[in-house]
Protein chains: 2
Amino acid sequence: MTDFTGLPVTAADIDAAATVLAPVAVRTPLLSSPALDAVTGARVFIKPEMLQRTGSFKFRGAFNKLSSIPQAARTGGVVAFSSGNHAQGVAAAAQLLNMQATIVMPADAPLSKRERTKGYGAEVVLYDRDREDREAIARDIATKRGATLVPPYDDPKIIAGQGTVGREIAEDLAALGIAPDFVAAPASGGGLIAGTATAVKARFPHAQLLSAEPEAFDDHARSLAAGRREPHSASGRTICDALMASIPGEITFAINQRLLSRGVTASDAEVGAAVALVFRELKLVVEPGGAVALAALLAGRIEARGKTVVIVLSGGNVDADLFAELIQA
Amino acid sequence: MTDFTGLPVTAADIDAAATVLAPVAVRTPLLSSPALDAVTGARVFIKPEMLQRTGSFKFRGAFNKLSSIPQAARTGGVVAFSSGNHAQGVAAAAQLLNMQATIVMPADAPLSKRERTKGYGAEVVLYDRDREDREAIARDIATKRGATLVPPYDDPKIIAGQGTVGREIAEDLAALGIAPDFVAAPASGGGLIAGTATAVKARFPHAQLLSAEPEAFDDHARSLAAGRREPHSASGRTICDALMASIPGEITFAINQRLLSRGVTASDAEVGAAVALVFRELKLVVEPGGAVALAALLAGRIEARGKTVVIVLSGGNVDADLFAELIQA
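Cut-offs and rules
Residues numbered from 1 in each chain as written. Chains lettered and ligands numbered in written order. Predicted model: local features only at pLDDT ≥ 70, side-chain atom pairs only at ≥ 80, totals over all residues. Heavy atoms only, no water. Least-squares fit on C-alpha atoms with pLDDT ≥ 70 in both. Contact = heavy atoms within 4.5 Å. Buried area = accessible area lost by both parts, 1.4 Å probe. Salt bridge = Lys/Arg side-chain N within 4 Å of Asp/Glu carboxyl O. Helix = DSSP H or I, 4+ residues; strand = E, 2+ residues; numbered from the N terminus. Buried < 20%, exposed > 50% of the residue type's maximum accessible area, 1.4 Å probe, protein only. Polar contact = N/O pair within 3.5 Å; in protein donor to acceptor, adjacent residues only side chain to side chain. Pairing = 2+ DSSP bridges. Axes fitted to C-alpha atoms, helices over the stretch in contact; angles between N-to-C directions. Phe/Tyr/Trp six-rings, centres within 6.5 Å; stacked < 30°, edge-to-face > 60°. Expected span 1.5 Å × (residues − 1). Parallel < 35°, antiparallel > 145°, perpendicular 65-115°, else oblique. Nonpolar A, V, L, I, M, F, W, Y, C, P; charged D, E, K, R; others polar. Domains from an automatic or database assignment.

Caption draft 1: Structural detail: the relation of the copies chain B and chain A. Rotating chain B by 180 degrees and translating it 0.0 Å along the rotation axis places it on chain A, where the RMSD comes to 0.0 Å. The two molecules are tied by a two-fold rotation axis, judged by turn and shift. Taken together, the interface assignments show that 100% of the residues at the interface of chain B recur at the interface of chain A, consistent with an identical surface on both copies.

Printed below as a string of structure tokens:
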């Protein structure tokens, strides 16, 4: 049996987050896919989080976190740093809760993510990814304005919110009478897979939970193998703009170390091919980072033949130009 | 109350089709969309039939029809004429039922639809849309091979299969305790909206059912207004390649005349903008013809403010080049 003793987020925390989210979040479906079954020889279910409010799972954690801020502290607003999806999640959650949001974003974040963040009424402050420290900028704003800093992943309320993804997966599979062999989700800071693992393993202790990352940005895969938090060794970029965190979070890794089986990876070319396949066969818009778990499955890095596999497609906020390029390749 | 007396398809026929389809069809979800609610001032639900097997609702009718062919007649196989989505539906249904399928397709059908039809193991016979009679070609093949002709819409089994779209909509809304004010779906021959109307009005007699068509290809709108089957007056093409039938079906119109409130239309430019909005906001891939009901809603042709509106997005089989062009416009 899985040992959950001492973990910072419990299945009960995720149940509570589900209650908080119920009136506002989209309960995304669990999709079967005959086309993916045929390609992989597995029974594949897709959790399409691009259908979530703001186009990614990030709304879940952000709304759960913002809802936990005491009324007296809400007038100072919130501040967050994010390459894009967390930015939109926080901005949309703040708008629903009538709070002011300031978002610190890298100047090279996809235009669609910047524009959509502004569209939710947030103030966007840009920084240079190579020269400036986004955490310092955000902390400075928080101090000056009395705003609450909303971290992207290393926070129990954020993790519990993302965990509702896993809770819905477990609930829908249980209703079908099916136990999953593998559940894989993209990982940057590790909040999504940590929350998902907590909820899924509470119901299906024998399921193997896998983090998925871009090839060189494999800090989770390395850390899980090493048994301690290790940074990745990538120096360049990846088309998975949402998955560029340099090292697993402390809180998320405490969970992931206990609940995950291992980490898998996929190259940018494999991710691009997965985005195109999702367009052609699933008729969904997935952003590169959101497709990395599927890319790893399609590349044969999950021993899926004859097994039941759940793949989280974590978001769909991709610029039209890049998407057009990937589907026409 | 709605008078269903004498109609060629009943809610019970659709219940029976749902039982036939249950083991093989995807039960597509009913999606809420905060983004569309904000744009329209309505409460909008989307029925995303691009998530159906073969990428459109057409699989439902095809599988229901093929399942009704007596065992003795199955060895002759089936033949169908179709611009693309019915082709794939019939081909995939035949493959599942171990029957031979021959599909007569226009030479200018989107490449993706032709390739995918072949991918389901069907033989594709091309014809010239302007010079040849596809029905005659199909009938000739049927006679020579002893194959069963599978009509695209004017058949009670086909209509009952498509009606499972409406049955699922009604079931999901009932579970939410919500009654729809409007339900709109694209119409070419009229099978989808006829089946959908039958199922929805059986459960929600006050719902207004609407057919949606490309601006000049408005044979349903004209026919519903005139009270008799009228052809459209279009001479050219539309980007809605799936919606070019020249006149409503006889059986479908017998139903639609009784159950539909009216027909709405949208221009190609409005349809293109709807495809792009579905990409940006809903993260779904919809083909132009599949987006025409949404385009009509967005163009203000449904008095939706403050109302509950269900929009069927009927398919997502669009070539990458055209899709890229529409989302980058």
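Caption draft 2: Geometry of the interface of chain B and chain A. At the junction of the two partners, chain B supplies 26 residues and chain A supplies 26 residues. Both sides of the chain B and chain A interface together cover about 2100 Å² of buried area, and 66% of this is carbon and sulfur. In terms of surface lost to chain A, no three residues of chain B exceed F279(B), K283(B) and V285(B), which account for 27% of the buried area on that side. The tally of links from chain B across to chain A stands at 2 salt bridges. With a closest N to O distance of 3.3 Å, E281(B) and R116(A) form a salt bridge.

Caption draft 3: Summary view of the pattern of salt bridges. Tallying each qualifying case throughout the model produces 45 salt bridges over all chains. Among the ionic pairs, D15(A) bridges to R167(A), the shortest N-O distance being 2.7 Å. You can see D15(A) sitting in helix α1 (residues 11-21) and its partner R167(A) sitting in helix α7 (residues 156-176), a full 152 residues away along the chain. The partly exposed category is assigned to D15(A), whose relative accessible area is 37%. Looking at R167(A), the relative accessible area reads 27%, which means it is partly exposed. A salt bridge links E171(B) to R27(B); the shortest N-O distance between them is 2.7 Å. Linking E171(B) in helix α7 (residues 156-176) with R27(B) in the loop between α1 (11-21) and β1 (31-32), this pair joins segments that are 144 residues apart in sequence. Residue classification places E171(B) among the partly exposed residues on the basis of a relative accessible area of 31%. Since its relative accessible area comes to 40%, R27(B) is described here as partly exposed.

Caption draft 4: Geometry of unusual backbone geometry. Residue and element names in this part refer to chain B. Despite not being glycine, N98 has its phi angle at roughly 60 degrees, a positive value. Positionally, N98 belongs in the loop between α4 (85-96) and β4 (101-106). Exposure remark for N98: the relative accessible area of 75% places this residue in the exposed category. A positive phi angle, close to 60 degrees, is found at K283, a residue other than glycine. Within the secondary structure, K283 is located in the loop between α11 (268-282) and α12 (292-298). With relative accessibility at 3%, the residue K283 sits in the buried group.

Caption draft 5: Quick peek at the side chain of S82(B). Residues and elements named next belong to chain B. Position of S82 among the secondary structure elements: in the loop between β3 (78-81) and α4. A relative accessible area of 4% means that S82 is categorised as buried. There is a polar contact of 3.3 Å between the side chain of S82 and the backbone nitrogen of H86. Ignoring sequence-local partners within four residues, the contact set of S82 consists of A87, V104, M105, P106 and R134.

Caption draft 6: Just the sheet that holds strand β5 (residues 123-127) of chain B, in detail. All names here are of chain B. Strands sit in the order β5-β4-β3-β6 across an open sheet of 4 strands; the sheet is parallel. Single-partner strands in this sheet number two, and they are β5 and β6 (148-149). Sheet strands in contact with helix α5 (residues 111-119) are β4 and β5, and its direction is about 175 degrees off that of β4.

Caption draft 7: The packing of aromatic side chains, seen in detail. Scanning the entire structure with this criterion turns up 7 aromatic pairs over all chains. Ring geometry for F323(A) against F279(B): centres 5.2 Å apart, planes inclined by 45 degrees, an arrangement best described as tilted. Taken as a pair, F323(A) in helix α13 (residues 320-328) and F279(B) in helix α11 lie in two separate chains rather than in one. For F323(A), a relative accessible area of 0% translates into the label buried. A relative accessible area of 3% places F279(B) in the buried class. Feature note: the residues F279(A), F323(A), F279(B) and F323(B) constitute an aromatic cluster, connected by ring pairs.

Caption draft 8: Examining helix α6 (residues 134-145) of chain B more closely. Over its 12 residues, α6(B) extends 17 Å from the first C-alpha to the last, a length consistent with the 16 Å expected when each residue adds 1.5 Å. By the N-cap criterion, in which a side-chain oxygen at the helix start approaches the backbone nitrogen of a residue two or three places on, α6(B) is capped by D133(B), the distance to E135(B) being 3.0 Å.

Caption draft 9: How the structure looks around the environment of D219(A). Residue and element names in this part refer to chain A. Among the secondary structure elements, D219 is positioned in helix α9 (residues 219-226). What makes D219 buried here is its relative accessible area of 1%. Remark: the alpha-carbon pair of D219 and A17, spanning 202 residues in sequence, is separated by 28 Å. With residues up to four places along the chain from it excluded, the contact list for D219 reads S188, E213, E230, P231, H232, A245, S246, I247 and P248.

Caption draft 10: Molecular detail of the sheet that holds strand β2 (residues 43-48) of chain B. Residue and element names in this part refer to chain B. Pairing is mixed in the open sheet, where 6 strands are placed in the order β1-β2-β10-β7-β8-β9. Either end of the sheet is taken by a strand with one partner, and the two such strands are β1 and β9 (260-266). Where strand β7 (residues 182-186) lies against strand β10 (residues 308-313), 3 bridges are found, and the strand directions are parallel. From the neighbouring strand, A184 faces β10, where its bridge partner is I311. Sheet contacts for helix α8 (residues 191-203): β7, β8 (208-214), β9 and β10; angle to β8, the most-contacted strand, approximately 165 degrees. Seen against the sheet, α11 touches β2, β9 and β10 and runs at an angle of roughly 90 degrees to β9.

Caption draft 11: Focus on the packing of α1(A) against helix α3 (residues 58-67) of chain A. All names here are of chain A. Running from N to C, α1 and α3 cross one another at 90 degrees; their axes reach a closest spacing of 10 Å. Taken together, α1 and α3 sit at an angle that is classed as roughly perpendicular. Facing A17, V20 and L21 of α1, the residues of α3 in contact are F59, R60, F63, N64 and S67. Across the contact of α1 with α3, the residue classes break down as 5 nonpolar, 2 polar and 1 charged.

Caption draft 12: How the structure looks around the domain arrangement of chain A. Residues and elements named next belong to chain A. Entries for chain A in the domain assignment read domain 1 (11-56 + 155-328) and domain 2 (58-149). Centre-to-centre separation of domain 1 and domain 2, based on C-alpha positions: 23 Å. Counting residues at the interface gives 31 residues for domain 1 and 26 residues for domain 2. Viewed at the interface, domain 2 and domain 1 are joined by 7 salt bridges. D241 serves as the salt-bridge partner of K113, at 2.6 Å between the closest nitrogen and oxygen. Connecting domain 1 to domain 2 are 16 residue pairs in polar contact (both at pLDDT 80 or more). Sorting the residues of the side of domain 1 that touches domain 2 by element identifies α1 and α7 as the ones contributing at least two each. Residues of the side of domain 1 that touches domain 2, tallied by class, amount to 12 nonpolar, 9 polar and 10 charged.

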